[in-house]
Amino acid sequence: MTGTPASSTRRGFLRAGLAAGVALPAGATLARAQAAPDPLITEVQDWARYSGDGVDETPYGLPIRFEADVIRRNVPWLTADTISSINFTPIHALDGTITPAGCAFERHHSGAIELAKPDYRLMINGLVERPLVFSYDDLERFPRRQGVYFCECAANTGMEWAGAQLNGSQFTHGMIHNMEYVGVALRTLLAEAGVKPEGKWVYVEGADASSNGRSIPLDKAMDDVMVAFKANGEALRKEHGYPARLVVPGWEGNLWVKWLRRIEVTDAPVESREETSKYTDTLANGVSRQWTWVMDAKSVVTAPSPQVAIRHGPGPLVITGLAWSGRGAITRVDVSVDGGRNWTTARLAQPGVPMAVTRFYLDHLWDGEEMLLQSRAVDETGYVQPTKAALRDIRGENSIYHNNGIQTWWIKKDGTAENVEIS
Ligand SMILES: Nc1nc2c(c(=O)[nH]1)N[C@H]1C(S)=C(S)[C@@H](COP(=O)(O)O)O[C@H]1N2
Ligand SMILES: [Mo]
């Protein structure tokens, strides 16, 4: 399934906006008595006349068909094929913080492989006292850990470096998912193998053809990294690394190796493809930053936004979005409706969780006028999400990765929205 061209969706939204029609005076109550009888209230409907489906009809459920457009989408021009490719989480259509696995973005370098638990092996070798191989069942016998974390591809928002490009938060910010993981702390497995004093790094790789090998400093590996086998309560989906993947809290998605097959303890980084020619950030002077693992604080308004037009007139409007930081918890999100001149602190749905996504709401009284809608995240280190201009001053425009600049949506009087930049 691919993205709908922005122009056709905009026309659709316009029609819906006209049909909704009635403009509410600011502060007016949303529910109101109707003059004409409403058959949906006065007539007995089929769903009240006949029984529904039996409990044997849906052993494992999918969303109801009316929600069929809440799906991952890709950007056809972005990648040459669908095997070494990426799709995007429909963050514009979700609420709360947990990403349903069925629509959580996927990034593969050589496709999603099918690896059965009996065929699974995890090797720890290199600078260890006892090289070991774990079966899947072995993993389940170690003490478990649980945690909610976001996984963001370093290339998220990468297409926006040169200017506003994609119409929808799904496409500009959808290379992220946020799930509850259960697994074993990597330090538990490393302790079983016994890291030698010379061991300073781990090189982690997957069982797929790409192997996606990455070097991780031992300090991080011994801190909060997990070998996870469950996400959102159930086994990992095939596309997310079944039966086991690495969870590297706060660090770029590329390190979250899927179908994890080997952990080599080394005394130095391997300097693999994924940490030299890729996942480095070329600055204006041509020098590239390397080892930029942490995902800096970032936020985006998910609604209203280009895929989510306002479908009512002036009055109460819920502005909502997501904020996250790889350096800890989100402590504040500010929202501007005038392109960053004035800011109002939004309400966090729950206190920020370290290295997890935070939902924010701003209960706004919309005057029906145009808005330049922005959000700005602050994390517990005091770091403030930068403007795109501030980011470009330091990083230039040669980068693909780590674009955490403030996003602007131009909301028009008819409620439709467009991705814009203000200079
Ligand atoms: N084995 C393996 N692990 C991998 C990849 C891969 O292609 N192969 N892609 C990486 C990249 S670039 C990202 S952003 C994340 C994406 O995780 P997801 O597919 O669960 O969204 O997985 C990482 N782990
Ligand atoms: Mo990635």
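Residues numbered from 1 in each chain as written. Chains lettered and ligands numbered in written order. Predicted model: local features only at pLDDT ≥ 70, side-chain atom pairs only at ≥ 80, totals over all residues. Heavy atoms only, no water.

## What to know about unusual backbone geometry
Piece 1. Following Y242, the chain continues into P243 via a peptide bond in cis, with omega recorded as 5°.
Piece 2. Within the secondary structure layout, P243 lies in the loop between β10 (234–235) and β11 (245–247).
Piece 3. Despite not being glycine, W259 has its phi angle at roughly 50°, a positive value.
Piece 4. If you trace the backbone, W259 turns up in the loop between β11 and β12 (260–266). (Helix = DSSP H or I, 4+ residues; strand = E, 2+ residues; numbered from the N terminus.)

## A short note on a nonpolar patch on the surface
Piece 1. Among the surface-exposed residues, L40, I41 and W47 lie close enough to one another that they form a single nonpolar patch of about 440 Å² accessible area.
Piece 2. As for its placement among the helices and strands, W47 is situated in helix α3 (residues 46–49).
Piece 3. Taking the relative accessible area as the measure of exposure, W47 reaches 67% and is therefore exposed. (Patch = residues over 30% accessible without salt bridge, like charges linked within 9 Å, V, L, I, M, F, W, Y side chains within 5 Å. Areas by Shrake-Rupley, 256 points an atom, 1.4 Å probe, with all protein chains shown as cover. Salt bridge = Lys/Arg side-chain N within 4 Å of Asp/Glu carboxyl O. Buried < 20%, exposed > 50% of the residue type's maximum accessible area, 1.4 Å probe, protein only.)

## Re helix α6 (residues 186–193)
Since the α-helix turns once every 3.6 residues, residues separated by three or four places project in the same direction.
Piece 1. What α6 keeps buried is the set L186, L189, L190 and A193. Considered in projection along α6, the buried side chains sweep an arc of 100° and stay on one side of the axis.
Piece 2. Of the residues trailing α6, G194 is marked for its positive phi of about 80°. (Arc of directions from axis to C-beta.)

## Quick look at the UniProt feature "domain: Oxidoreductase molybdopterin-binding" (unreviewed entry) in the chain
Piece 1. UniProt annotation of "domain: Oxidoreductase molybdopterin-binding" (unreviewed entry) refers to residues 116–271 when read in the numbering used here.
Piece 2. Across residues 116–271, the secondary structure splits into 13% helix and 37% strand, with the terminal C-alpha atoms separated by 30 Å. (UniProt positions renumbered as here; feature names shortened; annotations may be inferred.)

## Details of the pairing of strand β7 (residues 201–206)
Here is the key point about a regular strand: its side chains alternate between the two faces of the sheet.
Piece 1. Burial of β7 is extensive: six of the six residues sit out of reach of the surface.
Piece 2. Taking every second residue as pointing to the same face, both faces of β7 are buried, with W201, Y203 and E205 on one and V202, V204 and G206 on the other.
Piece 3. When β7 meets strand β8 (residues 214–217), the two strands line up antiparallel, connected through four bridges. Note that in β8 the partner of Y203 across the bridge is S215.
Piece 4. Inspection of the sheet shows β7 paired to β12 by six bridges, in the antiparallel sense. Bridging across to β12, Y203 finds its partner in E264. (Pairing = 2+ DSSP bridges.)

## Focus: the packing of aromatic side chains
Piece 1. Throughout the structure, instances matching the rule amount to 10 aromatic pairs.
Piece 2. With a centroid separation of 5.8 Å and an interplanar angle of 65°, the aromatic rings of Y181 and W256 are classed as edge-to-face. Taken together, the residues span a long stretch of sequence, with Y181 in strand β6 (residues 176–185) and W256 in the loop between β11 and β12 at a distance of 75 residues.
Piece 3. For Y181, a relative accessible area of 0% puts it in the buried group.
Piece 4. With 5.5 Å between their ring centres and 50° between their planes, W201 and W291 make a pair best called tilted. Linking W201 in strand β7 with W291 in the loop between β14 (288–289) and β15 (298–303), this pair joins segments that are 90 residues apart in sequence.
Piece 5. Of the aromatic side chains, those joined through ring pairs into one cluster are W201, W251, W291 and W293.
Piece 6. Cation over ring: R376 sits above W343, and NZ or CZ is 4.1 Å from the ring centre.
Piece 7. Over the face of the ring belonging to W410 we find K412, whose NZ or CZ atom lies 4.4 Å from the ring centre. (Phe/Tyr/Trp six-rings, centres within 6.5 Å; stacked < 30°, edge-to-face > 60°. Lys NZ or Arg CZ within 6 Å of the ring centre and 35° of its normal.)

## A closer look at the site of ligand 1
Piece 1. F105, H109, D208, R245 and K258 are the nearest of the 21 residues found near ligand 1.
Piece 2. H109 places a polar side-chain atom, nitrogen or oxygen, 2.7 Å from an oxygen atom of ligand 1.
Piece 3. A breakdown of the residues in the shell around ligand 1 according to their chemical character gives six nonpolar, nine polar and six charged. (Near = heavy atom within 4 Å. Polar contact = N/O pair within 3.5 Å; in protein donor to acceptor, adjacent residues only side chain to side chain. Nonpolar A, V, L, I, M, F, W, Y, C, P; charged D, E, K, R; others polar.)

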